[in-house]
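# Fold and contact review
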Amino acid sequence: MIVKSLDPRIERAALDDESKIGELNVHEHFETYEVFQQVKRGTHHQHVGNVHAPNAEMAMLFAKEQYCRRGAAVNLWVVATSNVFVTEYVDADIFETTEDKLYRDPNSYKVMDRINAFKARTSKV
Amino acid sequence: MEFTEKHVEGLKELLYKMADDLLIIGHRNSEWTGLGPMLEEDIAFSSMAQDKVGQSLALFELLHELGESDPDTVAFTRNDNQFHCSQLVELPIGEYDFSMVRHFFFDHAEAIRFEMLADSVFEPLSMVARKFKGEIKYHTMHADIFMKKLAAGGEESFSRMQNSINETFGLALGMFEPGNFEAKLIEAGIFGGEAELQQRWLDKVVPLLESFGYVVPKVENTEAAFGGRHGVHTPHLQPLLDEMTEVFSIDPGADW
């Protein structure tokens, strides 16, 4: 028995009639799609989350409303989560590096991002 | 061309029916909030319902500028016979097939109406029409993708959708009930008129539905549900208004 609601819409839905509520099993859920949002043309698409959907087209529909309602997007990618190849955390040591090879660290790229962001900010003024 | 009194009257009639349609369908569709078929769709459908109410506000504001009462008063203090919405939008949400078909029919009509109004000589209205172009494009995209997907969703899904199309078509034609000033609006370049809108709507929705595999009823065999534009409504509108204005009515002068 579900608690009676003060909301007339919920009342109309007659949710307290348990016979009307179907059961959803694990494999009856739609698959998930990962959502990547591009804030500005020419910039990287960035992962913002995921949605359930029956196909990519509907994933795009849902992604737009879940993640881009407040504007701030010019493009979306949706990718079925099952298509993403993932490394195992037990293999995380492959990313480790020894401290005596700092000269190989591409720090300048990170700095360039900040320089470009600064340029973009100041050129607007 | 100078606007005469008749032009302004016709313009107000046009704005009222558009604003009322949007307010009522926005309210109706928001009744799905919390009950949608899945979380993502619940959010998308609710968000579009909110958009509709926002669009109606923009039109009520235009009416206010033309000398009508302020938007809250106009939206919350009229009875059903003072509303100019089509009967299509006031019907209860029913099941999702009906709500989806209504959303499809209504939003394509709205999209084309706004497209026509983008060229209106009444500039405040053409500005509003252009402002919502992107929003409405998403709404029709949403409707199209759902109509297509549900047509291919198996026998139950298809027959539910097809039945809803059959039952809703005449109601949808009711959206194009002529107003009292059609010729005036057309002559002044304010709006191209309901007859043109209906034709453009048919040219859009019929091939689209057929491409999804549905059969669309013939206009000549369908009775259009007229009346709404002139204050004649189904018994479903007044209870909606009572519910919508319940809080407002407690203290109409309250500062929000």
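For the structure given in this document, a descriptive report is provided here. (Residues numbered from 1 in each chain as written. Chains lettered and ligands numbered in written order. Predicted model: local features only at pLDDT ≥ 70, side-chain atom pairs only at ≥ 80, totals over all residues.)

### Section: the overall build of chain A
- Of regular secondary structure, chain A possesses three helices and three strands.
- Along chain A, from the amino end to the carboxyl end, the secondary structure elements read α-β-β-α-β-α.
- Counting over 125 residues, chain A shows a buried share of 11%.
- Long-range pairs, those at least 24 residues apart, make up 42% of the contacts in chain A with a sequence separation of at least 6. (Helix = DSSP H or I, 4+ residues; strand = E, 2+ residues; numbered from the N terminus. Buried ≥ 20, exposed ≤ 12 C-beta atoms within 10 Å, placed from the backbone. Contact = placed C-beta atoms within 7 Å.)

### Here we look at the packing of helix 2 (residues 56-67) of chain A against helix 7 (residues 133-151) of chain B
- Remark: helix 2 of chain A packs on helix 7 of chain B, axes separated minimally by 10 Å, with the N-to-C direction vectors making an angle of 145°. Crossing of helix 2 of chain A against helix 7 of chain B: the hand is left-handed. The residues of helix 7 of chain B that touch helix 2 of chain A, namely those facing E57, M58, L61 and K64 of chain A, are Y138, M141, H142, I145 and K149 of chain B.
- Considered class by class, the residues forming the contact of helix 2 of chain A with helix 7 of chain B number five nonpolar, one polar and three charged. (Axes fitted to C-alpha atoms, helices over the stretch in contact; angles between N-to-C directions. Left-handed = near helix turned anticlockwise from the far one by under 90°. Nonpolar A, V, L, I, M, F, W, Y, C, P; charged D, E, K, R; others polar.)

### A closer look at the interface of chain A and chain B
- If you look at the interface, chain A gives 16 residues, while chain B gives 15 residues.
- For the side of chain A that touches chain B, the elements supplying multiple residues, two or more each, are helix 1 (8-12), strand 2 (46-53) and helix 2 of chain A.
- Looking at the side of chain A that touches chain B, the element that brings in the most residues is helix 2 of chain A, giving seven residues.
- Tallied by class, residues from the side of chain A that touches chain B come to nine nonpolar, two polar and five charged.

### Observations regarding the sheet that holds strand 3 (residues 75-80) of chain A
Residues and elements named next belong to chain A.
- An order of 2-1-3 is seen for the three strands of this open sheet, with the pairing classed as antiparallel. Strands with a single pairing partner mark the edges of an open sheet, and in this sheet they are strand 2 and strand 3. Adjacent strand axes in the sheet meet at a mean angle of 30° when their direction is disregarded.
- Summarising the sheet, strand 1 (residues 31-38) and strand 2 pair through seven bridges and their orientation is antiparallel. The partner of V35 across the bridge, within strand 2, is G49.
- Sitting on the sheet, helix 2 touches strand 1, strand 2 and strand 3, and the angle it makes with strand 2 is about 120°. (Pairing = 2+ DSSP bridges.)

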